[in-house]
Amino acid sequence: MWLKPEEILLKNAFKLWVTEKGNDYFVLQRRRGYGEGGGGLTGLLVGTLDTMLDSTSKVAPFRILHQTPDSQVYWSIACGGTKEEISQHWEWLEKNIMRTLSVFDSSDDITSFVQGKIRGLIAEEGKVSCVQEDDPEKFREALLRFEKWFDLPQKEKLVTYYSCSYWRGRVPCQGWLYLSTNFLSFYSYLLGSEVKLVISWNEIWRLEKTSNVILTESIHVLANGEDHFFSMFLHLNETFLIMEQLADYSIKRLFDKETFQEEPSLSDPLQITKRGLETHARNEQFRAFFRLPKEENLLEVYESFLWVPFSHFNTLGKICLSESYLCFASQDGSQCHVIIPMREVIGVEKPDRNSRALIVCVRGKRALRFSEVRDFERLANAIRKRCGMTASPQHSASTEDNPEEVALMVGQKDSSKAVSTEALMTVFHPQDTENLDPKMLKEKMKEQSWNIHFSEYGRGTSMFCTKKTRDLIVRGIPEALRGELWMLFSGAVNDMATNPGYYSELVDQSLGTSTLATDEIERDLHRSLPEHPAFQSDTGISALRRVLTAYAYRNPKIGYCQAMNILTSVLLLYAKEEEAFWLLVAVCERMLPDYFNRRIIGALVDQAVFEELIRMHLTQLTEHMTDLTFFSSVSLSWFLTLFISVLPIESAVNVVDCFFYDGIKAILQLGLAVLDYNMEGLISSHDDAEAVTILNKFFDNVTNKDSPLPQTVQQNSVGNNDKASSISKVDVSDLIKEAYEKYGDMKSEEVESMRKRNKLYVIQTLEDTTKQNVLRVVSQEVKFSASQLDELYVLFKRQHFLSCYWTMNSPVLLHHDPSLAYLEQYQLGFHQFSLLFSLLEPWSLCSGKDTLFLWAFRLLDENQDGLVNFKEFCCALDILYSGTFTNKLTFLFKLHQPPECQKTHCAFCFTPTGRGKVDLQAYLKQWQDEILKKEESIKDLPRINQAQFIQFSKTLYNLFHSDPEEESLYRAVARVTSLLLRMEEVGRRLQEPTSPQKSSTSPIQAALEGALPDGEASSTPESSSDTPSTPITQEAGSIPQEVEWSFAFEQILASLLNEPVLVRFFERPVDIQARLDHAKCAQLKSKTNK
């Protein structure tokens, strides 16, 4: 490849290069240690240098240097991994450059011309391949080494590479770590010792930064049961971020089958770049911190001071600008942050050029003053431009005159008449303004505190969020403000504002739909807070139905999951119906990702984080209870329902208040506080049941002494008062306050890091459980050993992933249905099936492989969805490896039948994979049929006609390729074929005694010529003695078309049984372990060569 011209002072420095060709202007050199005479100590030293040093001229075994006759300075202009590659460059220089150089008078002009020409060539190549990389030269060099060392498919995209050490025991190996779209690879070569490592991202169980006595800072990778440690990075944090992003990208793409249609930088696995991954990580962090819609991306960042009016000082922080939002966060992120939607900005002023200040005016007669902005004019222009683009006629003067009417109403069009426009709590429990009981007075005092806060910090979307805001939330949000503040803190207010009328349209579209999700919703409607009056009436039930059905229609990937009904019920109590919908969107898609799906991965990940926090903060408890899985099972409902299912409703809403402000961190803190409060009882408990009882009693006695709700709404159990009187009551505000005081120093960034670290382990644990379930089912159907079945599953799963590695349009992705049973989660299309089947089938087929594999795939794919699952694949292999002579022959016989016969007489059981609503009756019938299924009789098999029989005979011949008894097997099949044809001819004569004799042998001759390989028909004894040697006439050739004949399976079986050599061939045991070992090594290469 061409290189950016780089000056080299000594042509043969250290005697590492040997000149192969040369002229007045160019020199072609070979690196010593490569090619002829390159062994010995020199070769070892050169190989070691090539892996440790980062220079094109020291890595590639061949290079071309440019020189001029009157100069001692050389310039490297090309390198090559092979002599053929470098020779092409040399020939190009001789044809296109050499003649031109003779016209120049000055050596400087020659050098300038050559350098310009080479740079032009590199620029042309860069337009296609490396235009997005920071340093195309070094990246192209690394790509050359990557392709040379690892022999991965050419489509594999190298993302970046780093110099590091890989630890083998206590010995470090210095080398290079290569991070590509689907693989983590490492290579080292030190004094003849080569270390090569390739790990798929989807095989990694743990990825974390660690440190110990020997390794101060390192990256730990756990994959396939082995620990790998990488250290001595120049930029460890950058390396770890890219590794984390690639592992997460692989998990989402391969396990969750995400296509990233809304993220162009990730939508094509062949175009993934380091810059794209870093941008994606930065955008995710930006959206998560400020709770912004998923469409927003971080465009620009400015360091600045913000004048804080309530504190009367400037706070240092960063301005973050996206398409539709201007956000500011103080340096530590906790002191102050504010979000300003561009739709709320009405003007931008630059009052003081010397202080580089900027004033942003927002609706509600408020302004924010930023100072010491380095490029304040550019920022002002960017804000003005975006305000002009996002200005909307929905913002009327009435909004400005009433700042309390915050942007909650922005984006609401005329709602459907069926949609409720009031929060259920205001309908079923309106506040009595004349009621002056202590609880109501305290509620009014809370409202007054918030009104003072609004007057100082602002109200609505551009409100300052500070420590004082959190203090008010910990005390509990007033009933009247709860819906408004939930919308604000969750970011749902922005979702609703930018999607006017969206919910009403969803309600209309989803009305009357019937799916599995709607069936589950109907079943759970009356289980959602059944004791609350709002859900004892049609008003509450109908609103709940509309919100859940609309969301299932919006996001069919999630659809409906248990616990969503409980959460949505509480949202409807304090928010209007459309607001409750957008709150549900914020929770499911932003605040609790992957919680509400079939595998509830998000909740399991947070439980793993919770266990980690227990070990860190509650050491006394972990010393007593070494197995913390108990807390995982107990706390699952805490995370899924935000404590709503375990706490009385009047107490649980205070927890939800904190959740919408601090996210999952608030739930983790509260969980630790609950265990800490019950520490003594849990330590003294004798078993899990007793520990559960202790926690349940505790939750029953958590009260909210300040709740203004009447007893008819509160969930405190009246019947248990006598039993509970001996147990002290705990106020939820005190419990939350204690949680913040003891564990509030946890940072959201640390929690997110722990989430990512545990996500890989949780997903791989689920995958391992799925594998065990599949193997348990399949092992009952086949004769493979447990270890062989395990290896088959790994190969099958990897082949499934190979169809997704380099494309987003594979049949596996297009037909993916997460609701299917675990047996159907991993399937192969025909192309992947044929690749894997060719590696594992026991016979060496010499020709016709593709056709035979197509027939086998068609036989197994009974439901004709273009996919084969693991059970079907193993059943086929089991017959070929462990089946009897009759079983194997039956399988081959069926391959040659038309598809309609295969459907009726298939020996394997299949599960239909239709989409949409599941027909439970069909599943029950299938289950009953499998129980009552009898062994298939060979008498039930249909007959095969002449063309099918000829093809069946050809298939038998193909099986014997390279067999020691190949000649004997050929002759045996020839005898059987001839015998069967004569039997059929005799039968035809008996049925048609008047048929002419002169052409009676022509069908046999025609069939033999079609069935036997070239030259075999004339060499068999039967054909030489009984078959006419004269060519078949046109009249005779037409007879087989008129006379139809066929064979039954019993006839073929009986004839083949008379040939011992054939019986020995089919009953000969085949070493499947050898085939499995071969498949492991050749699986990736089979993909490459295809």
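Residues numbered from 1 in each chain as written. Predicted model: local features only at pLDDT ≥ 70, side-chain atom pairs only at ≥ 80, totals over all residues. Heavy atoms only, no water.

Defined as follows: UniProt positions are given in the numbering used here, feature names are shortened, and annotations may be inferred rather than shown by experiment.
An unreviewed UniProt entry lists the protein under the name TBC1 domain family member 8B, with Oncorhynchus kisutch given as the organism. Turning to the protein, the UniProt record has this under Function (unreviewed entry): "Involved in vesicular recycling, probably as a RAB11B GTPase-activating protein."

## Overview of the overall build of the protein
Condition: Secondary structure elements are defined from DSSP: runs of H or I of at least 4 residues count as helices, runs of E of at least 2 residues count as strands, and each element is numbered from the N terminus. Only protein chains enter the accessibility calculation, which uses a 1.4 Å probe; a residue whose area is less than 20% of its type maximum is buried, one above 50% is exposed, and one in between is partly exposed. By the convention used here, residues are in contact when the closest approach between their heavy atoms is within 4.5 Å. Note on areas: Shrake-Rupley with a 1.4 Å probe; residue coverage comes only from the protein chains shown.
Along the backbone of the protein there are 47 helices and 26 strands. Counting all 1090 residues of the protein, 54% fall into the buried class. At a minimum sequence separation of 6, the contacts of the protein that also span at least 24 residues come to 69%. For the protein, the computed accessible surface area is about 49,800 Å², with 51% contributed by carbon and sulfur atoms.

## Some details on the pattern of salt bridges
Selection rule: Whenever Lys or Arg places a side-chain nitrogen within 4 Å of a carboxyl oxygen from Asp or Glu, that contact is recorded as a salt bridge.
On inspection of all chains with the given rule, the structure shows 42 salt bridges. The salt bridge involving Glu238 is made with Lys274; its shortest N-O contact spans 2.7 Å. With Glu238 in helix 7 (residues 236–255) and Lys274 in helix 8 (residues 274–290), the pair connects residues that are 36 residues apart, well separated along the chain. A salt bridge links Arg971 to Glu967; the shortest N-O distance between them is 3.4 Å.

## Considering the confidence of the model for the protein
Let me state the cut-off plainly: Summary of the metric used: pLDDT quantifies the predictor's per-residue confidence within the range 0 to 100.
On average, the protein scores 80 in pLDDT, and the residues at 70 or more come to 79%. Ignoring residues within four places in sequence, the model shows residues 127–132, a span with pLDDT below 50, making eight contacts including any to other chains. Long-range and interchain partners of residues 903–918, a stretch whose pLDDT sits below 50, account for 51 contacts in this model, where long-range means more than four residues apart.

## A word on the environment of Phe660
Relative to the assigned elements, Phe660 resides in helix 24 (residues 649–662). Since its relative accessible area comes to 0%, Phe660 is described here as buried. Through-space distance from the C-alpha of Phe660 to that of Trp486 is 6.0 Å; in sequence the pair is 174 residues apart. Those residues in contact with Phe660 that lie beyond four places of it in its chain are Arg291, Trp486, Phe489, Ser490, Leu571, Leu583, Val587 and Met591.

## Let's talk about the sheet that holds strand 6 (residues 158–168)
Spelled out, the test is: Here, strands pair whenever DSSP counts at least two bridges between them. Helix axes use the C-alpha atoms of the stretch in contact, all axes being lines fitted to C-alpha atoms, and the angles between their N-to-C directions lie in the range 0 to 180 degrees.
What the seven strands build is an open sheet, ordered 9-8-7-6-12-11-10; its pairing is antiparallel. Across the chains shown, the open sheet's two edge strands, defined by having one partner strand only, are strand 9 (193–200) and strand 10 (204–210). With strand direction ignored, the average angle separating the axes of adjacent strands in the sheet is 30°. By the bridge criterion, six bridges tie strand 10 to strand 11 (residues 218–223) in an arrangement that is antiparallel. If you follow Leu207 over to strand 11, its bridge partner there is Val221.

## Digging into helix 16 (residues 502–510)
Quick reminder of the rule: This arc describes the spread of directions from the helix axis toward the C-beta atoms.
Within helix 16, burial applies to Tyr503, Ser504, Leu506, Val507 and Ser510. Across the axial projection of helix 16, the buried residues extend over an arc of 160°, all falling on one side. Of the surrounding secondary structure, the elements contacted by the buried residues of helix 16 are helix 18 (538–554) and helix 20 (577–591). After helix 16 finishes, the residue Gly512 shows a positive phi value of roughly 85°.

## Here we look at the sheet that holds strand 5 (residues 74–80)
An order of 1-5-4-3-2 is seen for the five strands of this open sheet, with the pairing classed as antiparallel. Each edge of the open sheet carries a strand with a single partner, namely strand 1 (2–8) and strand 2 (17–22). Geometrically, the sheet is characterised by an average inter-axis angle of 30° between neighbouring strands, direction not taken into account. Most of the contacts of helix 3 (residues 83–96) go to strand 5, to which it runs at about 130°, and overall it touches strand 1, strand 2, strand 3 (26–31), strand 4 (62–66) and strand 5.

## What about unusual backbone geometry?
Across the chain, the bulk of peptide bonds are trans and the bulk of non-glycine residues have phi less than zero. In this model, Asn224 sits at a positive phi of 55°, which is unusual for a non-glycine residue. Looking at the secondary structure, you find Asn224 in the loop between strand 11 and strand 12 (226–231). Of note in the backbone geometry, Arg291 takes a positive phi value of approximately 55° without being a glycine. Considering the arrangement of structural elements, one finds Arg291 in the loop between helix 8 and strand 13 (300–308). With a relative accessible area of 13%, Arg291 lands in the buried category.

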